[in-house]
Amino acid sequence: SPPRISVESLGQPQMGDSTGDAFGRGGLYGGIAGIFSDMLGYHTVYGVVQAQGQFDEFGFSTAYINQRRRWNYGVAAQRVPAVYGFVQEGLDPDEENVYLRQFVRARFFDTSLQGLAQYPFSRAQRVEFRAGARRIAQDLQLIEQRFALDASGVVVGVFEPEERTEEGPAFNLFEGTAALVYDNALTGYTSPLAGQRYRFEISPTFGDIRYTQAVADYRRYFLLRPFTFAVRGLHFGRYGADAEADAEGNRYFNDIYLGQSQLLRGYTDVYSRCRNQLGGAGECDVLEQLLGSRIGVVSAELRVPVIRQLVVGNFGLPPVEGIAFVDAGTAWSRGTRPAFQRGLSDDPEERGFLTSAGVGGRINLLGFAILEVDYVNGFESDRGWHWEFALQPGW
C-alpha cells in the first residue's frame, strides 16, 4: 500500500494585502513552509509557497526524498521570482522637448526541475548527484510619464501615463552536479569545535550559457581543550566559454568579491573606499586584485570560549567566544594566474595573496544570530587596524 504522508511540521504562515505601491500594483502577499513525511521517515516532502502581489509572481519550492534504501533519491522543483523597483528619468531620446520619467519593475523568474540522488558511505561521508533543466527569464514592467517642455526647459504640459511590458532575455539551461561530502564536525554555540568538513563539487552547465563551476572546501577543527584551532582551505571558480564573457563581450556573471567578511576579513570596505576616493592611491589597485571569477582562500583561527551558556537566577548571559586569526586569499580570472607571493604583484598577469590578521569575538544572540566583531588589519589596504562587524557564524 502507498505510504501515509502526514504533516511533520509547519512554519508560521504570513499573509497580508496591499492596495497599491509606487508602481500602481497591489495584491496578496504571504507564504508558508512545511515538512511532510511518513511514520518511519522513508518518504519526506518539503514545500514552500510564497505570494508577492501579482498572480504571475507566485513562487514555490518543493522536494521529495525517498530514504527507504541506501541509495536516497528524489526530485525537486522550484519557481523563484525576484522583483526590483527603481525610477529612471531624463529627456526622451525619441521625442523633442519631452521629459520622460519611467517607473520600472524588473522581474526575474528562476524555474527548475531536477532529479537528485545521494549515497552515504557512512554517517559522515556521502556522494551527491543532481541534474535537471533550468530556465531564467526576465521582463520589465514600465509606467511612463511624459512632460512637454518649452524651449527654456519649463514644463508646459503633461501627457497621459502609459504602461507597457518589455520582455527581457531568457536562458534555457541543463545543469548537473556531482559532489563528495564529509561532515563529522561538532558545532558549538558560535562555531564548530572539533572534527572536519569538506566538499568537493563539480557543476557543469550547458545550453544558452556554458560554464563549469568548481568548489573545493576543506575545514579541520583541532580540539585542544578548552581551545579550538581551526584551519580552512577554499577554492571557488567558474570555468568555460561563458564563465566571464562570451564572444560578443556579454557578461552573465559579476566578479566574485574576495573582500567579503566570510572570505577575507579586513577588506570589506575597499570597494566603497575606492569608489568614494577615501583611500590612498593604491586602494583601487587592491580592489582590482580582490575581484575575479576564481578565488582561493586559506585561514587559521584560534577559538577560546569566554562565556558558555550561563544562567544565574532569572538572568542569562549569551555564549561568547574570543578569536585570533590570520587570512590570506587571491582572486583571478581568465588571462591572469595566482602567484605564491604575498602582496600585490608587479606582473599584470599575476595575482599575489592579500593577507590580514586580527582578534575579535563572536556572540550568540537569542540562539539564532551570531554577531562577529573583529579588530583587524588588511595589510595590503592603507586603512590599518580598524573594527569590522558581521552577522555570521564561524566557518
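As a reminder, the structure under discussion sits directly above these lines.
These figures come from a predicted structure and were not determined experimentally.

1. Regarding the overall build of the protein
Secondary structure summary: the protein contains two helices and 24 strands in total. By its C-alpha atoms, the protein is 80 × 70 × 55 Å across when sized along the principal axes. The buried share among the 395 residues of the protein stands at 40%. Within the protein, residue pairs in contact and separated by at least 24 positions form 56% of the contacts whose partners lie at least 6 positions apart.

2. Considerations on the side chain of H43
Summarising the element assignment, H43 is placed in strand 4 (residues 43-53). Polar side-chain contacts of H43 include one of 2.7 Å to the side chain of Y64. Beyond its immediate stretch of four places on either side in the chain, H43 contacts P3, I5, F36, S37, D38, Y64, I65 and N66.

3. Quick look at the pairing of strand 8 (residues 125-149)
Here strand 7 (residues 98-120) pairs with strand 8 via 23 bridges, running antiparallel. When the sheet's bridge partners are listed, P120 is paired in strand 8 with R126. Summarising the sheet, strand 8 and strand 10 (residues 162-183) pair through 19 bridges and their orientation is antiparallel. Following the sheet pairing, A137 is matched in strand 10 by A170. Of the strand pairs in this sheet, strand 8 and strand 9 (residues 155-158) are connected by three bridges, and their pairing is antiparallel. From the neighbouring strand, A148 faces strand 9, where its bridge partner is G157. The antiparallel hairpin formed by strand 8 and strand 9 contains five residues in its connecting segment, where G153 sits at a positive phi of about 90 degrees.

4. Focus: the nonpolar core
L258, Y267, V270 and L290 are the most contacted members of the largest nonpolar core, which has 16 residues in total. If you list the elements that add at least two residues to this core, you get strand 15 (256-257), helix 1 (270-275), helix 2 (283-288) and strand 17 (294-307). Of all hydrophobic cores here, the second largest spans six residues; its members include L173, Y211, A243 and F253.

5. Re the packing of aromatic side chains
A ring pair, where both rings are aromatic, is described by two values, the distance of the centres and the angle of the planes. Scanning the entire structure with this criterion turns up 14 aromatic pairs. An aromatic cluster is built from W71, Y119, F121 and F129, whose rings are joined through pairwise contacts. For R265, the ring lying beneath its charged end belongs to F325, and the centroid distance is 3.8 Å. Between the NZ or CZ atom of R303 and the centre of the ring of W395, over which it lies, the distance is 4.8 Å.

6. Considering the state of the cysteines
Enumeration according to the criterion identifies one disulfide in this entry. Two residues share a disulfide in this structure: C274 and C284, whose sulfurs sit 1.8 Å from each other. Between C274 and C284, the S-S torsion sits near 105 degrees, and that sign places the bridge as right-handed. With a gap of 10 residues between them, C274 in helix 1 and C284 in helix 2 connect regions that are remote in the sequence. Classification of C284 by relative accessible area gives partly exposed; the value is 35%.

7. Focus: the pattern of salt bridges
Under the counting rule described, the total for this entry stands at 33 salt bridges. Of the charged contacts in the structure, one is a salt bridge between E128 and R199, with a shortest N-O distance of 2.9 Å. A residue pair is termed long-range when its members are at least 10 positions apart, and E128 in strand 8 and R199 in strand 12 (residues 192-207) qualify at 71 residues. The exposure class of R199 is partly exposed, given its relative accessible area of 27%. Across the salt bridge formed by R164 and E144, the nearest N and O atoms sit 2.7 Å from each other. Here E144 lies in strand 8 and R164 lies in strand 10, a separation of 20 residues in the sequence. According to the relative accessible area criterion, R164 is partly exposed, its value standing at 35%.

8. A word on the environment of A245
Here A245 lies in the loop between strand 14 (227-239) and strand 15. Non-local contacts of A245, meaning those with residues more than four positions away in its chain, are made with N250, R251 and R334.

9. Overview of the side chain of R294
Note on placement: R294 falls in strand 17. The side chain of R294 is buried and forms no salt bridge, while E244, the nearest opposite charge, is found at 4.1 Å. Within the structure, the side chain of R294 is placed 3.2 Å from the backbone oxygen of R238, a separation counted as a polar contact. The contacts of R294, once residues within four sequence positions are left out, are H235, F236, G237, R238, Y239, E244, I256, T330, A331, W332, S333 and R334.

10. Here's the deal with a nonpolar patch on the surface
A cluster of nonpolar residues, V359, Y375, F379, W385, W387 and F389, forms a patch on the protein surface that exposes about 670 Å² of accessible area. Top contributing element to the nonpolar patch by residue count: strand 24 (residues 385-391), with three residues. Within the secondary structure layout, W387 lies in strand 24.

11. Observations concerning the pairing of strand 23 (residues 369-378)
Along strand 23, seven of the 10 residues are buried, which leaves the element largely enclosed by surrounding structure. Hairpin connection of strand 22 (residues 350-365) to strand 23: three residues between the antiparallel strands, including L366 at a positive phi of 60 degrees. Here seven bridges tie strand 23 to strand 24, and the two strands are oriented antiparallel to one another. If you follow V376 over to strand 24, its bridge partner there is H386. Following strand 23, the chain reverses through six residues before pairing antiparallel with strand 24; G384 in that reversal takes a positive phi of roughly 80 degrees.

Conventions adopted
Residues numbered from 1 in each chain as written. Predicted model: local features only at pLDDT ≥ 70, side-chain atom pairs only at ≥ 80, totals over all residues. Heavy atoms only, no water. Helix = DSSP H or I, 4+ residues; strand = E, 2+ residues; numbered from the N terminus. Buried < 20%, exposed > 50% of the residue type's maximum accessible area, 1.4 Å probe, protein only. Contact = heavy atoms within 4.5 Å. Polar contact = N/O pair within 3.5 Å; in protein donor to acceptor, adjacent residues only side chain to side chain. Pairing = 2+ DSSP bridges. Core = buried A, V, L, I, M, F, W, Y, C linked by side-chain atoms within 4.5 Å. Phe/Tyr/Trp six-rings, centres within 6.5 Å; stacked < 30°, edge-to-face > 60°. Lys NZ or Arg CZ within 6 Å of the ring centre and 35° of its normal. Disulfide = S-S within 2.5 Å. Salt bridge = Lys/Arg side-chain N within 4 Å of Asp/Glu carboxyl O. Lys, Arg positive; Asp, Glu negative; His and termini not counted. Patch = residues over 30% accessible without salt bridge, like charges linked within 9 Å, V, L, I, M, F, W, Y side chains within 5 Å. Areas by Shrake-Rupley, 256 points an atom, 1.4 Å probe, with all protein chains shown as cover.

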